[in-house]
Amino acid sequence: MKSFCVTTPIYYVNDAPHVGHAYTTLHADVFARWHRLMGDEVFFLTGTDEHGLKIAEAAEKQGVDPQALTDVTSQRFKDVWAKLLIQYDDFIRTTDERHIKAVKAFTKKIYDSGYIVKDTWEGLYCISCESNYTEAESENGLCPIHKRKLESVKEDNYFFKLSEFEDRLIKYYSENPKWIEPETKYNEAFSFIKSGLKDISITRSSFDWGISVPWDETQVFYVWFEALINYVTALGYESDSSRFSNFWPNTVHLIGKEITRFHCVWWPAMCMAAGIDPPSKILVHGWLLVKGEKMSKSGLNKIDPSELVDEFGLDQFRYLLIKGSPFGPDSEFSYEELKRRNNSDLANNLGNLLSRVVAVVHSKCDGISPKCSSDSELKQDVEDAVEAAVLSWNNFAPADALEAVWNMIKRTNFYLEKYEPWKLEPGDRINAIMGDSLEVLRIVSILISPVMPTAACDMLRRIGLKIDLKNVDFNEEIRWGQYLGGVPVIKDVPLFARIK
RNA sequence: GGCGGCGUAGCUCAGCUGGUAAGAGCGCACGGCUCAUAAUCGUGAGGUCGCGGGUUCGAGUCCCGCCGCCGCUACCA
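Here the structure is a predicted model, which means the values were calculated and not measured. (Residues numbered from 1 in each chain as written. Chains lettered and ligands numbered in written order. Predicted model: local features only at pLDDT ≥ 70, side-chain atom pairs only at ≥ 80, totals over all residues. Heavy atoms only, no water.)

Strand order in the open sheet formed by three strands is β10-β12-β11, with antiparallel pairing between adjacent strands. At either end of the open sheet lies a strand with only one pairing partner, and these are β10 (203–204) and β11 (212–213). As judged from the two bridges shared by β11 and strand β12 (residues 216–221), these two strands associate in the antiparallel manner. Within the sheet, the bridge partner assigned to S212 lies in β12 and is V220. (Pairing = 2+ DSSP bridges. Helix = DSSP H or I, 4+ residues; strand = E, 2+ residues; numbered from the N terminus.)

Next up, the structure:
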């Protein structure tokens, strides 16, 4: 059995879940569901990142314990994922005891190998921004935003000797040209590495909401350095070697483009330092833009995924998010576009196809489905579409996979128009046409099930089938000619409602 | 400043190593149909492929310059 592991970033709990988070997590979910459908052993990991200064400050402001605060804010993510039917196998929190233990083991290993050393961090700090700046960013020693003088700050910290991994990273990148996709992000990270790497400060001593350094209790790890380790924590690093070796390094990380460097430069070096292989693949996606602006916590353009689920329906929202924004480039996200796509792709094409097929079976076949024919003229188109969809799924291009499926749907609407079964007298001809149409619907429902799990089941129910999609031999089930008919076809409300 | 990307029909975008008459979806217009969720099917619109040069028998597709937008250029979740 093949294994497949997919991860999302762990989300910083300072931020309320929005469609941007949902975009990443939903992609991970459909990839996981696709691989489960293929019969692979799947591990889908997500979670929350809960340490760091910002959380400590927020907790203090509210007069609560940071752990109590993150218990609440972490739960918000779980709630949204439940609403979106995100089927993760594990939800890790960086405040979990298992993570703290794994971080200590992981970093101790690096420390013992001599790749973590103590040094002094010096930098420029803006009190208004509460953040550090580099010489290059400062404007004559002034903060580029507040135009006030930057303070020079010094702190004794531990440093990760990233510079020592330059050659190994270059070698790794050269030997694995497809390990980061899209290619532009690979190039970006690679050129960053080739331009020379500096050591990075990985601990803080000015606050204590973090994981303490095992060999120096006066310091805690910088959130990023610690957070990345979650990926191996959950897979059983130093705690479950059989699971770990089963899923690592054959793991796919899904990330947004803003965190490319941490994942594509720091993380592989950290793995090398700790003596494990880097992950096999990192997929970088762009942003969802609202009127050209990134949807983010700081902007006012945050969109709550729950509201869209309420508006469009669960499966509709899942489809719209996957189909509307290809994985990779930035893309515009608008309510108008969602509505249009919902009405044309879902209501008019797929939903209406189901309705008209069911209606004709009722009016011409007494509501009992005919068997499909083995030599339908639809057969070749369907087989081509299946092949294209499978290829796209395996290339992590779910929007393209859906496109291929919709070609089958359009083809079938055309097929009905061509033979006008509603005009024919009941008989073999009608039976063949309707049986073939039902067969397409059966195959469609299997192919869309990773994206629209409940709609897929509902379609199967309506065409009189009881297929447990959790337990099918995909290659067997997807072949043309399995719709045997002879079962009642169910009339019901439209599968997908039109909006306004 | 350095490196890289983008600018194709009203909208969102495909167009790999240059070569059948510039494409798709949506929207729009007209026509057909009436089984279906005013759904579906057909036809169409006539876009200087950012601008200006160049290479070539032939260039969205290669080269140069220009304009506009964007990303990366180290510690922001």
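What follows deals with the protein's contact with RNA strand B. In the region of RNA strand B, 43 residues are neighbours, and Y12, W121, W224, R261 and N352 sit closest. Of what RNA strand B places within 4 Å of the protein, 61% of the atoms are sugar or phosphate. Taking K198, its main chain carries an N or O atom lying 2.6 Å from a base nitrogen of RNA strand B. Contributions of two or more residues to the surface near RNA strand B are made by α6 (183–194), α7 (223–227), α13 (335–364) and α15 (398–419). Residue classes in the surface near RNA strand B are distributed as 17 nonpolar, 11 polar and 15 charged. (Near = heavy atom within 4 Å. Polar contact = N/O pair within 3.5 Å; in protein donor to acceptor, adjacent residues only side chain to side chain. Nonpolar A, V, L, I, M, F, W, Y, C, P; charged D, E, K, R; others polar.)

Our next topic: the pattern of salt bridges. The full count for this structure, using the stated rule, is 32 salt bridges. Residue E164 is joined to K161 by a salt bridge in which the shortest nitrogen-to-oxygen separation is 3.4 Å. By relative accessible area, E164 is classed as partly exposed at 40%. In this structure, a network of salt bridges that share partners links the residues E337, R340, R341 and D345. (Salt bridge = Lys/Arg side-chain N within 4 Å of Asp/Glu carboxyl O. Buried < 20%, exposed > 50% of the residue type's maximum accessible area, 1.4 Å probe, protein only.)

Below, the discussion takes up unusual backbone geometry. With an omega of 0 degrees, the peptide bond running from E181 to P182 counts as cis. With respect to the helices, strands and loops of the structure, P182 is situated in the loop between β8 (180–181) and α6. For the bond from W248 to P249, the omega torsion is 5 degrees, close enough to zero to count as cis. With respect to the secondary-structure elements, P249 resides in the loop between α9 (241–247) and β13 (251–256). We note that L85 has phi near 60 degrees; this positive angle belongs to a residue other than glycine. Tracing the chain through its elements places L85 in the loop between α3 (66–83) and β4 (90–93).

Functional significance is not addressed by these values, which are geometric in nature.
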